[in-house]
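Given next are the chains, with one letter for each unit.
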Amino acid sequence: TRPTPYFAYEKLEILPDNKAVYVHCSRNEEQGYINNQVLDWNFKMDGILHNCSQDDTYDEVGREIVTGAMDGYNTTIMAYGQTGAGKTFTMTGDTSNYRLRGIIPRAISQVFQEVCSRQENSIRVSISYVEIYNEMMYDLLATLPDQDTPTSSNPLVIAEDNKGHVYVKGLSVRLAENEEEALNMLFEGETNRVIGAHSLNTNSSRSHCVFTIHIESRSRTKSSAQYTVSKINLVDLAGSERLNKTHSTGSTEREALYINKSLSFLEQVIVALADKRRDHIPYRQSKLTHLLKDSLGGNCHTLMIANIWGEVAQMEETISTLRFASRMMCVSNEPVQNILHDPVLLVQQYEKELDALRQELAMHDVLANRASVSYEPLTEGEREDIQRQVRQYLDGTLTEIEVINVRQIKETFAQFKISIQNMEAELEERLQSMAEMRQSPPLQLSSSSGVGAATTVPRVSSKGNTNKQTKLNIPAQLQAFNDDSELVGDTDGQGFGIGTAPVAAKQIVSPVVATKKLK
């Protein structure tokens, strides 16, 4: 709650356990005596901080969640509320007073304290700061002078990697060696933010800002390729406001329309996430919801601070903020530790493991009197020897193939496969040649009975003279096939031509059947 001497204690009742708040409203007489206005509200929260210092606020909401980020869990802290409720003061604080610093400076300080205390790990800290103003994204840490203008040739774009993680393409991420460098980046980004003045706040934030701390931790004591990455999103949302209260005009009115539109889309996403029956979540409706996709429905720790202004004049906005906070409590995330593996170190680790396994196998072979076994890749000579053994085995001249290691087994199967493929190709070639021979014109040969017959064919020399006669042994079936006088069937019928067949293919009628037909 925002500290104010005009706090409406008769309207806002905070229970002693600081877990619930009752809101009592007066009936609006302008709407008539009979209306459906709800006068009493009951909201339950995880905790209520009323008249708390900045130290107590950070100890309650920030310290534990930042410690989890050092262990590889993504975390998000966002401040939501109406204009003038104290969101920016909660997140950033008063830069002129060290005691009044907000959550972001305290989180930076805690991160580097953890870096100094965890000497067994090599921790790398980087900073990024992005602003969403009128649905345009700007890098608050950009060094290029034209990066802060909407007409930049390289606008920031929200993208997703192959694992579904959201990042901003083109956003600069600066390395911070110590706490002082990180704070300087924060102050540099704060000077680039867009602020404006209206009736509720003279220094009102006119944009949504996300300050992100990227953490990468590697072990110094363990020679492992495993390391953890995480990020801390600290979100300062622009305040929701009603134009009839702020009396905004011109550019301020246009900014308010964009702010209310993005916050409305944020509420739609929260409602969709709370409904377990919903299959689609409209993250891409606005830049804000798309950027906070991992924080709202992902695998990270998410904490929202609902800032309220507990005066009678702001009671309507207070109820709206508390209703949004109650919806946010229905969203459940499952935090997962982000563990990655360095591919370079992983290859080195695998190479060492392979060398150790080879040495262990060599020792085992020596104890088993198998000192001649080699586990190196096969040479060309060894492959040719295996190929020769496979051919002899298929020809029947070799009864067994000597196998010593797994590589020889694989090569033996490969040679068997090659042999089978060659046999299939040879068989296919033979069948093709037989088919071509059957389709060729028939030879004019003299028929003969018996199993086979000898046919005399004149032999012609290269000069064209006939000097010898050669006898060709041609089977009787082939002769019958080439003798038209002994073929049966329709060769040129008017229906379907079925070709010709030899006499031997005709069905033989037994004498008994012939006698019955005669009778």
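Thresholds applied
- The numbering scheme is per chain: residues are counted from 1 as the chain's sequence reads.
- Note on the predicted model: pLDDT of at least 70 is required for a residue's local features to be given, and 80 or more for side-chain atom pairs to be given and counted; whole-chain, interface and lining totals, by contrast, use all residues.
- With hydrogens and water stripped out, all remaining heavy atoms of the structure feed into the side-chain values.
- When a residue's accessible area, from a 1.4 Å probe over protein chains only, is under 20% of the maximum for its type it is buried; when over 50% it is exposed; and in between it is partly exposed.
- Think of it this way: any DSSP run of H or I at least four residues long counts as a helix, any run of E at least two long counts as a strand, and we number them from the N terminus.
- Helix axes are fitted to C-alpha atoms over the stretch in contact, other axes to C-alpha atoms as well, and angles between N-to-C directions run from 0 to 180 degrees.
- When an angle is under 35 degrees it counts as roughly parallel; over 145 it counts as roughly antiparallel; between 65 and 115 it counts as roughly perpendicular; any other value is oblique.
- Handedness of a crossing follows from how the near helix is turned relative to the far one, being left-handed for an anticlockwise turn of less than a right angle and right-handed for a clockwise one.
- By the convention used here, residues are in contact when the closest approach between their heavy atoms is within 4.5 Å.
- Note on residue classes: Ala, Val, Leu, Ile, Met, Phe, Trp, Tyr, Cys and Pro are nonpolar, Asp, Glu, Lys and Arg are charged, and everything else, Gly too, is polar.
- Between Lys or Arg on one side and Asp or Glu on the other, a salt bridge is scored when a side-chain nitrogen of the former is within 4 Å of a carboxyl oxygen of the latter.
- Two strands are said to pair when DSSP picks up at least two bridges between them.
- The term nonpolar core refers to a set of buried residues drawn from Ala, Val, Leu, Ile, Met, Phe, Trp, Tyr and Cys, joined through side-chain atoms within 4.5 Å.
- Polar contacts here mean pairs of N or O atoms no more than 3.5 Å apart (in protein, one a potential hydrogen donor and the other a potential acceptor; neighbouring residues in sequence count only if both atoms are side-chain atoms).
- Any two rings among Phe, Tyr and Trp, with Trp reduced to its six-membered ring, count as a pair given centres within 6.5 Å; such a pair is stacked if its planes are under 30 degrees apart, edge-to-face if over 60, and tilted if neither.
- Both a distance and an angle decide whether a charge sits over a ring: NZ of Lys or CZ of Arg must be within 6 Å of the ring centre and within 35 degrees of the ring normal.
- A helix's residues, less one, multiplied by 1.5 Å, set its expected span.
- This arc is taken over the directions from the axis of the helix to the C-beta atoms.

Attention shifts here to helix H2 (residues 63-70). Among the residues of H2, those classed as buried are Ile 65, Val 66, Gly 68, Ala 69 and Met 70. Positive backbone phi, at 105°, marks Gly 72, one or two positions downstream of H2.

Where helix H1 (residues 54-61) contacts helix H4 (residues 103-117), the two axes come as close as 10 Å, and the packing angle between them is 60°. As summarised for this structure, H1 and H4 are arranged oblique, according to the angle between their axes. Of the two possible hands of crossing, H1 and H4 adopt the one that is right-handed. On H4, the residues touching Gln 54, Asp 55, Tyr 58 and Val 61 of H1 are Ile 103, Arg 106, Ala 107 and Gln 110. In the contact of H1 with H4, the residues fall into four nonpolar, two polar and two charged.

Enumeration according to the criterion identifies 19 salt bridges in this entry. Three or more residues joined by partner-sharing salt bridges are found here, namely Asp 71, Glu 114 and Arg 118.

A word on unusual backbone geometry. Here Asn 134, not a glycine, exhibits a phi torsion of approximately 55°, which is positive. Positionally, Asn 134 belongs in the loop between strand E5 (121-133) and strand E6 (136-139). On the accessibility criterion, Asn 134 (13% relative accessible area) is buried. For Glu 135, which is not a glycine, the phi torsion comes out positive at approximately 60°.

This part takes up the pairing of strand E4 (residues 75-81). Successive residues of a regular strand alternate their side chains across the two faces of the sheet. Burial within E4 is extensive, with seven of its seven residues counted as buried. Pairing of E4 with strand E13 (residues 226-236), which is carried by five bridges, proceeds in the parallel orientation. When the sheet's bridge partners are listed, Ala 79 is paired in E13 with Asp 236. Note: E4 against strand E14 (residues 301-307), seven bridges, orientation parallel.

Membership of the largest hydrophobic core comes to 45 residues, with the highest contact counts inside it found for Val 23, Met 137, Leu 237, Leu 291 and Leu 296. At the level of secondary structure, the elements contributing two or more residues to this core comprise strand E2 (20-24), E4, E5, strand E8 (166-169), helix H7 (251-274), helix H8 (287-291) and helix H10 (315-328). Considering every element that reaches this core, the biggest residue donor is H7, with seven residues. Apart from the residues within four sequence positions on either side, Leu 291 is in contact with Val 130, Ile 132, Met 137, Ile 158, Val 166, Val 168 and Val 210. Grouped together as the second largest cluster of nonpolar side chains are 33 residues, Ala 69, Ile 103, Met 185 and Leu 234 included.

Right, let's talk about the sheet that holds strand E3 (residues 40-44) for a bit. Read from one edge of the open sheet, three strands run E1-E2-E3, paired in antiparallel fashion. A single partner strand is all that each edge strand has here, and the edge strands are strand E1 (12-14) and E3. For this sheet the average axis-to-axis angle between neighbouring strands, irrespective of direction, equals 15°. In this structure, E2 lies alongside E3, joined through five bridges in antiparallel fashion. What sits directly across from Val 23, in E3, is Trp 41. Strand contacts of H10: E1, E2 and E3, with the helix running at about 40° to E3, the strand carrying the most contacts.

As a further point, take the side chain of Asp 342. With respect to the helices and strands, the residue Asp 342 is situated in the loop between strand E15 (339-341) and helix H11 (343-367). Side-chain polar atoms of Asp 342 contact the backbone nitrogen of Val 344, separated by 3.2 Å. Those residues in contact with Asp 342 that lie beyond four places of it in its chain are Arg 218, Ala 225 and Tyr 227.

The subject of this paragraph is the environment of Ala 238. Mapping Ala 238 onto the fold places it in the loop between E13 and helix H6 (243-246). Residue class for Ala 238 comes out buried when judged on its relative accessible area of 0%. For the pair Ala 238 and Gln 82, spaced 156 residues apart in the sequence, the C-alpha separation amounts to 8.1 Å. Setting aside residues no more than four positions away along its own chain, Ala 238 makes contact with Gly 81, Lys 87, Ser 205, Ser 207, His 208, Ile 259 and Leu 263.

The next point concerns the packing of helix H12 (residues 380-395) against helix H13 (residues 406-439). For any two helices packed against each other, one specifies the inter-axial angle together with the distance between the axes. It is at 9 Å that the axes of H12 and H13 come closest, and there the two elements cross at 55°. Between H12 and H13, the crossing angle belongs to the class labelled oblique. Relative to H13, the crossing made by H12 is right-handed. Contact residues: H12 offers Arg 383, Ile 386, Gln 387, Val 390, Tyr 393 and Leu 394, while H13 offers Gln 408, Glu 411, Thr 412, Gln 415, Phe 416 and Ser 419.

Moving on, we get to the packing of aromatic side chains. Per the stated rule, a full pass over the model turns up five aromatic pairs. Seen from their ring centres, Trp 41 and Phe 43 are 5.9 Å apart, and the 5° between their planes marks the pair as stacked. Between the aromatic rings of Tyr 80 and Phe 324, the centroid separation amounts to 4.1 Å while the plane-to-plane angle is 20°, which identifies the pairing as stacked. Highlighted residues: Tyr 80 in strand E4 and Phe 324 in helix H10, separated in sequence by 244 residues. Look at Phe 324 and you get buried, because its relative accessible area is 1%. One Lys or Arg, Arg 2, reaches over the ring of Trp 309 and ends 4.1 Å from the middle of that ring. Cation over ring: Arg 101 sits above Tyr 98, and NZ or CZ is 3.8 Å from the ring centre.

Another aspect to go through is the side chain of Gln 82. Along the chain, Gln 82 falls in the loop between E4 and helix H3 (87-91). Among the residues examined, Gln 82 registers a relative accessible area of 2% and is labelled buried. In this structure, Gln 82 is in contact with Lys 87, Gly 239, Ser 240, Asn 307, Trp 309, Gln 314, Glu 317, Thr 318 and Thr 321, ignoring residues within four places of it in sequence.

The end-to-end C-alpha distance of helix H5 (residues 179-191), which contains 13 residues, comes to 19 Å, matching closely the 18 Å that a straight helix rising 1.5 Å per residue would cover. Where H5 is concerned, the buried positions are Ala 182, Leu 183, Met 185, Leu 186 and Gly 189. Considered in projection along H5, the buried side chains sweep an arc of 155° and stay on one side of the axis. Opposite the packed face of H5, turned more than 90 degrees from it, sit the exposed residues Glu 180 and Thr 191. Tucked into the core, H5 has its buried residues touching H4, E5, strand E9 (174-175) and strand E12 (208-219). The N-cap of H5, judged by a side-chain oxygen 3.2 Å from the amide nitrogen of Glu 180 a few residues on, is Asn 178.

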